[in-house]
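The residues making up each chain are set out below.
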Amino acid sequence: MWSKLALLIIKNRRLLVGLLSIITVFMAWKAKDVEMTYDFAQVVSPDDPDMVYFQQFKKTFGEDGNVLVLGLQDSSVYKLGNFNELRLLTDTLSKEEGVSGVLSVTKLIQLTKDTAGQRFAAAPIFRTFPQTQKELDSLMRIVNRQEFYKGQLISPTTGATLLALTMDPKYLNSSKRQAVMKNILGHAERFTKKTGIKLHYAGLPYVRSTMTTKVAGEMKFFLMLAALVTSVTLLVFFRTWSAVVFPLLIVGVAVVWCVGTIVLLGYKITLLTGLIPSILIVIGIPNCTYLLSRYHYDYRISGNQVLAMVRVIRKIGLVTLMNNTSTAIGFFVFCFTNIAILYQFGWVATISIFAAFFISIILVPIVFTYLPPPTEKQLEHLDAKPLTKLLEFFDYLVLERRGTVYGIAFVLCALGALGASRLQAVSYMVDDLPKNSSVNSDLKFFEEHFNGVMPLEIVVDTGKKRGILKLSNLERIDRLENYLRTQPQLTSPISIVTFLKAATQTFYNGDPTYYRLPDNSEKNFILSYLARSRSAAPAADSAAAGADSTQTASVGSPKAAASMNDKLLRSFTDSLGQKARISLKIADIGSRNLDTLLITKIQPQINEIFKGTGMEVRMTGTTILFTKGNEYVIGTLKESLVLAFALVGLIVLILFRSIRSVFFTLLPNFVTLLLTAGIMGFFGIALKPATALIFCIALGIDGDNSIHLLAKFRQEMAANGRRVRAAISTTLSEAGTSMIYTSIVLFVGFSIFAFSEFGGTKALGLLMSASLLITNFSNLILLPALLVTFEHGKDETIDSALIQHYDEQYHEEDDDLELNLNRIKVKPGASLPVAPPDAELPGEA
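Residues numbered from 1 in each chain as written. Predicted model: local features only at pLDDT ≥ 70, side-chain atom pairs only at ≥ 80, totals over all residues. Heavy atoms only, no water.

Focus: the overall build of the protein chain
So, step 1. Helix and strand counts for the protein chain come out as 28 helices and 9 strands.
So, step 2. Looking at the protein chain as a whole, 59% of its 845 residues are labelled buried.
So, step 3. If you take every contact in the protein chain between residues at least 6 apart in sequence, the share linking residues at least 24 apart comes to 80%.
So, step 4. As displayed, the protein chain has an accessible area near 34,100 Å², and 58% of this comes from carbon and sulfur atoms. (Helix = DSSP H or I, 4+ residues; strand = E, 2+ residues; numbered from the N terminus. Buried < 20%, exposed > 50% of the residue type's maximum accessible area, 1.4 Å probe, protein only. Contact = heavy atoms within 4.5 Å. Areas by Shrake-Rupley, 256 points an atom, 1.4 Å probe, with all protein chains shown as cover.)

Here it is in structure tokens:
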């Protein structure tokens, strides 16, 4: 079959090149429409109860992660000139497309008591902009008496202040977001330039925008870097530019197909799919390396390009396909998850790997039978002395020092197990960004002055219509909020309770000591004032901005105010008055600390406060879903790893028809993964979605070498009368060369990801590189040692249809005669004559 395929490819070179060109042009045309994703990656199953509840929460109360905050700590901002610049910045940002509203100290609203009308009125504190420093200082004293805003807008301990921008979700989840963010940051930078006051940025919109920009930049950077390092590696190996340019051209075609596939499947570029083109170069080049090194080896023996290429395809075509299948399994297992980002990553990578294989298996024979034959100088790499010496040393260890090999393997496995026991599953909201990045440093600013900016929501369901206005229920919510204020990782909560406290303070003419819930005797008065206070809605709506709802900074008409009052109700309570929302912000304390805070501290307080009331209190929000998503992904990846082992074992079983071969394949790869986990544990690399991916991918890639070595070993066993030691020596000397070449290419290729700004991508590069070093020990020393120990040369069923016999000296003179290669010998650049109809193909005699 593979001989026929090789001749078919060589005879129909022009037709196949034309066909591939048409497909590539089509894929390139589709690839121009590729888009970046602007949605926050949802890694929790849509059917998960917590995810279902969160979606219901957003329908009832609105988004929880659409606030961008700008913070500053500089007393000079309260100088008249700088304060005026802050006012201008606030006004400018309020008019920016994609910004629904801005909450700033310059636009604060206060409630006032209208005794005559028995209602509350809302009015801006800065009705007219102060003309003197004295006026500004006087108005700031009024601001500081507004208990409602303390800890929300102004830090009571450090004096830091912030601007909260509520973003329109339609812009957040589209390509327009980048332009909006660029405009906002441009206005902020102009403010800094004029005043000398540094601004800090935080909030999920800012984090998402930053990550999207970096993903796009790194995708281009790693494509170029991967091409560069693989070019240098190939040039060092093969010492000819043709062995550099054409493999890069081949994987370049595969990359175009990959991006086109993303568009055809309706996917977008994510943090994971953005890595696939670079990974494809790293993985695709070894296909060319396998074929070229084998082609050079066969050409030196036969002296005929066509015969050499036919032998290459016939002898290692199937094995190379199985290698690619093993690699693809490491990605394909993600297709069985119901996590969109992993599912898409798995399908695109799997399709692209097989596409790269078929492109290589077609173009390599075509290109290198067109080109002049390799010179003696270009074949010198086959006799590289350092490589030869290294393989001879491996052969010595395997044949003469197996006890030492097993002893070292046992010690390494023990150390790996010890390191793996230290692994911890910890992740952070901005985990992937470097510690010294502006995003992380700005996040620390907000955690220091405002306790954090990551959203956390609590919903209290009374189970009764208008039950939220019952004083005893409000008091229970107040108790919970008082406890939440004692937690240093949390901001002061905002809810209907905090607004009622502000109303009580206003009822007593703004006296801060009355910032509390009304008692039974006051409740009816204050609620009646609120009922008549349509124009008070803007103040409440400003507060709602802190809970991620639309807000305004000016008093409108009664009709507009009534509309804003409705927004307040939607922000803090549902339409029936049955549910209340408590909105907080939390520091990015990591998944383990967050679990401790929620499960061992907050939840017991909730249980105690609301015990016996029949009320349901649930925590939700983007932060909680993120944490649960990490746990969900890690659990899913563990299942995927087990599935990957099973699939690799199945391929080996089908290929070799031997249970022992499955054992020989999986044991060394288990050792590789165990040692990789040990490295993670000893170096404090946390187990999180980005690092958990490595194990499945590494198993697929490392399994290539095992299959390749086993295939060559089985062929040598059949060729030399089942003499195990001789078969091992020949296998190491021949297959070992291409395996080391491949490992070096992959090692260098994956090492480029160590230059990523994303922690997960950097860990992927470093750990995959470490895994590739370890796999040389596992597959070139441990696996052959196991074969020598347990393979006694007894008869075994070898499927000749799957793995055809060939020996060390390639005794195929008969095949040469059958092919009548003298009649179809190809000259460089010449067309290929068709062999006579009676010419037999290899394997048909």
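Here we look at unusual backbone geometry
So, step 1. The residue Asn509 is not glycine, and still its phi comes out positive at about 60 degrees.
So, step 2. Locating Asn509 in the fold gives a position in the loop between α17 (496–507) and α18 (520–531).
So, step 3. If you check the backbone angles, Arg657 has positive phi at about 55 degrees while not being a glycine.
So, step 4. On the basis of relative accessible area, Arg657 is assigned to the partly exposed category, the value being 49%.

Here we look at the pairing of strand β1 (residues 67–72)
So, step 1. β1 sits mainly inside the fold: 6 of its 6 residues count as buried.
So, step 2. Burial along β1 is two-sided: Val67, Val69 and Gly71 and Leu68, Leu70 and Leu72, pointing in opposite directions, are all buried.
So, step 3. Relative to strand β5 (residues 161–167), β1 is paired through 6 bridges, and the arrangement is antiparallel. Following the sheet pairing, Leu70 is matched in β5 by Leu163.
So, step 4. Sheet analysis places β1 next to strand β6 (residues 200–202), joined by 3 bridges and oriented antiparallel. Looking at β6, one finds that Gly71 is bridged to His200. (Pairing = 2+ DSSP bridges.)

Re the environment of Ser21
So, step 1. Position of Ser21 among the secondary structure elements: in helix α2 (residues 13–31).
So, step 2. Once the C-alpha coordinates of Ser21 and Val253 are considered, the two residues, 232 residues apart in sequence, prove to be 9.0 Å apart.

Some thoughts on the environment of Phe331
So, step 1. Structurally, Phe331 is set in helix α11 (residues 305–332).
So, step 2. Sequence-wise, Phe331 and Leu699 are 368 residues apart; in three dimensions their C-alpha atoms are separated by 9.8 Å.
So, step 3. The contact partners of Phe331, leaving out residues within four places of it in the chain, are Ile279, Ile283, Phe345, Gly346, Ala349, Thr350, Ile353 and Ile697.

As for the confidence of the model for the protein chain
So, step 1. Averaged over the protein chain, the pLDDT score is 80; the fraction of residues at 70 or greater is 87%.
So, step 2. Between residues 535–566, whose pLDDT stays under 50, and residues either more than four places distant or in other chains, the model counts 82 contacts.
So, step 3. Residue range residues 794–845 is modelled with pLDDT below 50. Its contacts to residues more than four positions away, or to other chains, number 107 contacts. (pLDDT = per-residue confidence, 0-100.)

A look at the packing of helix α1 (residues 2–11) against α11
Between two packed helices, both the angle of their axes relative to each other and the distance between the axes serve to describe the pair.
So, step 1. Relative to each other, α1 and α11 sit at 125 degrees, their axes nearing to 8 Å. Overall, the two elements α1 and α11 adopt an arrangement that is oblique. Considering only the axes of α1 and α11, their crossing is right-handed. Listed contacts from α11 to Trp2, Ser3, Ala6, Leu7 and Ile10 of α1 are Val306, Met309, Val310, Ile313, Arg314, Gly317, Leu318 and Leu321.
So, step 2. Class assignment for the residues of the contact of α1 with α11 results in 10 nonpolar, 2 polar and 1 charged. (Axes fitted to C-alpha atoms, helices over the stretch in contact; angles between N-to-C directions. Parallel < 35°, antiparallel > 145°, perpendicular 65-115°, else oblique. Left-handed = near helix turned anticlockwise from the far one by under 90°. Nonpolar A, V, L, I, M, F, W, Y, C, P; charged D, E, K, R; others polar.)

Things to note about the pairing of strand β4 (residues 119–124)
So, step 1. Of the pairings in the sheet, the one linking strand β3 (residues 109–114) to β4 comprises 6 bridges and is antiparallel in character. Residue pairing across strands places Asp114 opposite Arg119, the latter belonging to β4.
So, step 2. In this antiparallel pair of consecutive strands, β3 and β4, the connection spans 4 residues, and Gln118 shows a positive phi of 45 degrees.

A word on α2
So, step 1. With 19 residues, α2 extends 26 Å between its outermost C-alpha atoms, agreeing within 8% with the 27 Å of an ideal straight helix rising 1.5 Å per residue.
So, step 2. Taken together, the buried positions of α2 are occupied by Arg13, Leu16, Leu20, Thr24, Met27, Lys30 and Ala31. Projected onto a plane normal to the axis of α2, the buried residues spread over an arc of 120 degrees and lie on a single side. α2 presents Arg14, Leu15, Ile22 and Val25 as exposed residues on the side facing more than 90 degrees away from its buried surface.
So, step 3. Taken together, the buried residues of α2 touch α1, α9 (242–264) and α12 (340–370). (Expected span 1.5 Å × (residues − 1). Arc of directions from axis to C-beta.)

Some thoughts on a nonpolar patch on the surface
So, step 1. Residues Ile408, Phe410, Val411, Leu412, Leu415, Leu418, Phe682 and Phe683 make up a contiguous nonpolar surface patch of roughly 790 Å² in combined accessible area.
So, step 2. Within the secondary structure layout, Val411 lies in helix α14 (residues 402–421). (Patch = residues over 30% accessible without salt bridge, like charges linked within 9 Å, V, L, I, M, F, W, Y side chains within 5 Å. Salt bridge = Lys/Arg side-chain N within 4 Å of Asp/Glu carboxyl O.)

Some points on the packing of aromatic side chains
So, step 1. Taken as a whole and assessed by the stated rule, the structure comprises 27 aromatic pairs.
So, step 2. Ring centres 6.2 Å apart and planes at 10 degrees place the aromatic pair Phe54 and Phe57 in the stacked group. Residue Phe54 and its partner Phe57 are both found in helix α3 (residues 49–61); the two are separated by 3 residues, about one turn of the helix.
So, step 3. In textbook terms, an aromatic cluster arises when at least three aromatic residues are bridged by ring pairs, as seen for Phe120, Phe507, Tyr508, Tyr514 and Tyr529.
So, step 4. A cation sits over an aromatic face here: Arg618 above Tyr53, 4.0 Å from the ring centre. (Phe/Tyr/Trp six-rings, centres within 6.5 Å; stacked < 30°, edge-to-face > 60°. Lys NZ or Arg CZ within 6 Å of the ring centre and 35° of its normal.)

Some points on the sheet that holds strand β7 (residues 454–461)
So, step 1. Taken in spatial order, the 3 strands make up an open sheet running β8-β7-β9, and their pairing is antiparallel. Every other strand in the sheet has two partners, leaving β8 (579–586) and β9 (616–620) as the edge strands with one partner each. When the angles between neighbouring strand axes are averaged without regard to direction, this sheet yields 20 degrees.
So, step 2. The sheet strands contacting α3 are β7, β8 and β9, and the helix crosses β9 at an angle near 95 degrees.
So, step 3. Each of β7, β8 and β9 touches helix α22 (residues 622–656); the most contacted strand, β7, lies at about 105 degrees to it.

Re the sheet that holds strand β2 (residues 99–103)
So, step 1. The sheet built from 4 strands is open, its strands ordered β2-β5-β1-β6 with antiparallel pairing. Either end of the sheet is taken by a strand with one partner, and the two such strands are β2 and β6. The sheet shows a mean angle of 20 degrees between the axes of neighbouring strands, taken without regard to direction.
So, step 2. Two strands pair when backbone bridges link them, and β2 and β5 are joined in this way by 4 bridges, in the antiparallel orientation. For Gly101, the partnering residue across the bridge sits in β5 and is Thr166.
So, step 3. Each of β1, β5 and β6 is contacted by helix α8 (residues 204–238), which is oriented at about 100 degrees to β1, the strand it contacts most.

Focus: α3
So, step 1. With 13 residues, α3 extends 18 Å between its outermost C-alpha atoms, agreeing within 8% with the 18 Å of an ideal straight helix rising 1.5 Å per residue.
So, step 2. Taken together, the buried positions of α3 are Met51, Tyr53, Phe54, Phe57, Lys58 and Phe61. All buried residues of α3 lie within an arc of 160 degrees about the axis, which places them on one face of the element. α3 presents Pro49 and Lys59 as exposed residues on the side facing more than 90 degrees away from its buried surface.
So, step 3. Backbone geometry just downstream of α3 places Gly62 in the positive-phi region, at approximately 100 degrees.

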